[in-house]
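Single-letter residue listing:
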Amino acid sequence: MSHPDTRPAIEFRNVSYRLNVQGKEGRELLHDLNLEVQRGETLVLLGRSGSGKTTTLKLINHLLAPTKGELLVDARPTREWDVIRLRRMIGYVIQEVGLFPHFTVERNIGLVPKIENWHADRIAKRVRELLQLVGLDPEISSRYPRELSGGQRQRVGVARALAADPPILLMDEPFGALDPITRAELQREFLALQKRLRKTVVFVTHDLREALLLGTRIALMEDGRLLTIQTPEEFPTCAEPLAAAYTNAFGAISEDP
Amino acid sequence: MNLWQFMLQNHTEVLELTLEHLWLVGISTLLAVLVGIPLGILITRWPALNKPVLGGANIIQTIPSLALFGFLLPAPWIGARADRLAILALALYALLPLIRNTYVGIKGVDRAVVEAGRGMGMTGRQLLFQVELPLALGVIIAGVRVATVISVGLATIAAAIGAGGLGEYIFRGLAMVNNQVILAGAIPAAAMALLADVSLGWLEKRLSPR
């Protein structure tokens, strides 16, 4: 990483994804997507449930494989990546958090370093560092996920995704299940964190307010198609009817910082 | 002569038959575990095998036990000794709860947890041994428990083909029309089943993720 790399971190080239139900072609969840995610930006995928946001995300870490087109991560098609290597350089945070219930906080956060065969001391040090980074008391490292609040669990989820310092972070409605106050808190912390870490982030949400707050660009999706990409400044005046509908639906609050 | 006197008088024989019974149940359950759990794991990985494997185990379960002993009689090596025959038959019966519980246990692991693990770059083996099996362990042990308790009961029938065990007393008592002799076989067998049920139940609770 000595020279600045100007190539996009992630690039979708005419990517479609169609379900395959027992050998038969099923519904097309994503249609002919072309999209570039630049290094260090936070690209928000905004849309309703079923619009293809999560599908787009899962294509990036190859939990799903494109049925048409090609997807490049670091200028290399995901098909050609060793899928395990690819996933370990991409942090993944999901709404249900997916913390391992039988692992302590420490083991959950240290999971990727551990399977990457880091030395135990280095893992322990990294876990302490990360707990601090996401604003958690290092005291909780010996607790189990069920002993944490929703906000704490989500913070642990973020810490786990950051553990091996991956250049790319995928976040699938990470704050969706939290109460409004905790959500606002975590959004603020995310912004502060992102200012320091400069990860390439792809962030899925259906909340326009969250999209405007966190995104450097907002990609609006509907029915498996990308309708438009706008900056948060342009979005409220965008001519796209669905974008206008979103702005109207959130109209009363869009003036908030 | 009452039951206790009978059992005291024949305590060496009671002990011998109990140990024989334990041996039949223990070895057959162990065999079934060694085959059933890997088969259960296999059908979570190859869904196409799901129906034939579970179907096959189901069919075995529907064969009456005496008939199964009869079927296996002509088998080489196995048919040569009654205890081999009994152990194989008992193991076959124990297969269904083991395969099914392993399958259901693994399939029942929270999808988000498995997906998170896969998304973070865990290999299939790491997912299986660090996530799926530990989280399914309670359900798998429940299968072992059911299999063991069924085995303890079924093993009494092994005496019919001369494989020994507590069934000896039950069949002898039936032939003599002597309830005391029947009970001398039935009571230790029932106690063994209860003990297996309670201890494996305890283990199941301990190993279930809270």
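Residues numbered from 1 in each chain as written. Chains lettered and ligands numbered in written order. Predicted model: local features only at pLDDT ≥ 70, side-chain atom pairs only at ≥ 80, totals over all residues.

## Things to note about the overall build of chain B
Regarding its fold elements, chain B presents 9 helices and 0 strands. When the helices and strands of chain B are placed in sequence order, the string is α-α-α-α-α-α-α-α-α. Evaluated residue by residue, chain B yields a buried proportion of 40% over its 210 residues. Pairs at least 24 apart in sequence give 73% of the contacts found in chain B among residues at least 6 apart. (Helix = DSSP H or I, 4+ residues; strand = E, 2+ residues; numbered from the N terminus. Buried ≥ 20, exposed ≤ 12 C-beta atoms within 10 Å, placed from the backbone. Contact = placed C-beta atoms within 7 Å.)

## Side note on the overall build of chain A
Scanning chain A from N- to C-terminus turns up 9 helices and 10 strands. Oriented by its inertia axes, the alpha-carbon framework of chain A measures out at about 50 × 45 × 45 Å. Residue burial in chain A is summarised as follows: out of 257 residues, 42% are buried. In chain A, the share of contacts with a sequence separation of at least 24, taken over all contacts with a separation of at least 6, comes to 66%.

## Side note on the nonpolar core
Ranked by size, the top nonpolar core spans 124 residues in total, and within it Ala219 of chain A together with Leu90 and Leu95 of chain B carry the most contacts. When residues in this core are grouped by element, the largest group, 15 residues, is from helix H5 (residues 82-107) of chain B. With sequence-adjacent residues up to four places away left out, Ala219 of chain A is seen in contact with Leu35, Leu43, Val44, Leu45, Leu46, Leu226 and Ile229 of chain A. (Core = buried A, V, L, I, M, F, W, Y, C linked by C-beta atoms within 7 Å.)

## Considerations on the sheet that holds strand S3 (residues 42-47) of chain A
All names here are of chain A. Taken in spatial order, the 6 strands line up as S6-S7-S8-S3-S9-S10 in an open sheet, and their pairing is mixed. Both edges of this open sheet fall to strand S6 (90-94) and strand S10 (225-230), since each of them pairs with a single strand only. Taken pair by pair, the neighbouring strands of this sheet meet at an average axis angle of 15°, ignoring direction. (Pairing = 2+ DSSP bridges. Axes fitted to C-alpha atoms, helices over the stretch in contact; angles between N-to-C directions.)

## Brief notes about H5 of chain B
Residues and elements named next belong to chain B. Its 26 residues place the ends of H5 38 Å apart at the C-alpha level, agreeing with the 38 Å of an ideal helix rising 1.5 Å per residue. If you look at H5, its biggest bend is around 35°, right at Leu95, and the proline Pro97 turns up within four residues after that. Of all 26 residues in H5, 20 are buried, a share of seventy percent or more. (Expected span 1.5 Å × (residues − 1). Bend = angle between axes of the 7 residues up to and from the residue.)

## Notes on the interface of chain A and chain B
Facing 16 residues of chain A, the contacting portion of chain B comprises 16 residues. Listed by contribution, the elements that provide at least two residues to the side of chain A that touches chain B are helix H2 (83-88), S6 and helix H4 (111-115) of chain A. Classifying every residue of the side of chain A that touches chain B by side-chain character gives 9 nonpolar, 3 polar and 4 charged. (Nonpolar A, V, L, I, M, F, W, Y, C, P; charged D, E, K, R; others polar.)

## Quick word on the confidence of the model for chain B
Caution applies to low-pLDDT parts of the model: their predicted coordinates are not meant to be read in detail. Per-residue confidence for chain B gives a mean pLDDT of 92; residues scoring 70 or more make up 99%. In the predicted complex, the global pTM is 0.85; the interface-specific ipTM is 0.84. (pLDDT = per-residue confidence, 0-100.)

## Quick word on unusual backbone geometry
Phi angles above zero are rare outside glycine, and Asn117 of chain A is one such case at about 60°. Here Asn117 of chain A lies in the loop between H4 and helix H5 (120-133).

## Focus on the sheet that holds strand S1 (residues 10-21) of chain A
All names here are of chain A. Ordered in space as S2-S1-S4-S5, the 4 strands form an open sheet in which the pairing is antiparallel. Each edge of the open sheet is held by one strand with a lone partner, namely strand S2 (24-37) and strand S5 (76-77). By the bridge criterion, 8 bridges tie S1 to S2 in an arrangement that is antiparallel. Looking across to S2, one finds that Phe12 is bridged to Leu35.

## Overview of the pairing of strand S7 (residues 168-172) of chain A
Residue and element names in this part refer to chain A. By the criterion of burial, S7 is predominantly enclosed, with 5 of the 5 residues buried. Here S6 pairs with S7 via 5 bridges, running parallel. The partner of Ile90 across the bridge, within S7, is Ile168. The pairing of S7 with strand S8 (residues 200-205) spans 5 bridges and is parallel. Paired with Leu170 across the two strands is Val202, which belongs to S8. Tracing the backbone out of S7, into helix H7 (residues 180-197) and back to the parallel element S8 gives a crossover that is right-handed. (Right-handed = clockwise from strand over helix to strand, strands pointing away.)

## Looking at the packing of helix H4 (residues 65-72) of chain B against H5 of chain B
Residues and elements named next belong to chain B. Closest axis-to-axis distance for the H4/H5 pair is 10 Å, and the angle between their directions is 125°. With respect to their mutual orientation, H4 and H5 come out oblique. Crossing geometry of H4 relative to H5 is assigned as right-handed. Judged by residue contacts, Ser65, Leu68, Phe69 and Leu72 of H4 engage Leu85, Leu88, Ala89 and Leu92 from H5. In terms of residue class, the contact of H4 with H5 is built from 7 nonpolar, 1 polar and no charged. (Parallel < 35°, antiparallel > 145°, perpendicular 65-115°, else oblique. Left-handed = near helix turned anticlockwise from the far one by under 90°.)

## Details of the environment of His11 of chain B
Residue position: His11 of chain B is located in helix H2 (residues 11-45). For the pair His11 of chain B and Thr62 of chain B, spaced 51 residues apart in sequence, the C-alpha to C-alpha distance is 36 Å.

## Considerations on helix H7 (residues 124-154) of chain B
Under the 1.5 Å per step criterion, the end-to-end length of H7 of chain B is only 38 Å for 31 residues, more than 12% shorter than the ideal 45 Å. If you look at H7 of chain B, its biggest bend is around 55°, right at Leu137 of chain B.

## Observations regarding the packing of helix H3 (residues 47-62) of chain B against H5 of chain B
Residues and elements named next belong to chain B. Orientation of H3 relative to H5, taken along the N-to-C sense of each, is 140°, at an axis distance of 8 Å. Taken together, the axes of H3 and H5 are oblique relative to one another. When you trace H3 past H5, the crossing you get is left-handed. Across from Val53, Leu54, Ala57, Asn58, Ile60 and Gln61 in H3, the residues of H5 making contact are Leu92, Tyr93, Leu95, Leu96, Ile99 and Arg100.

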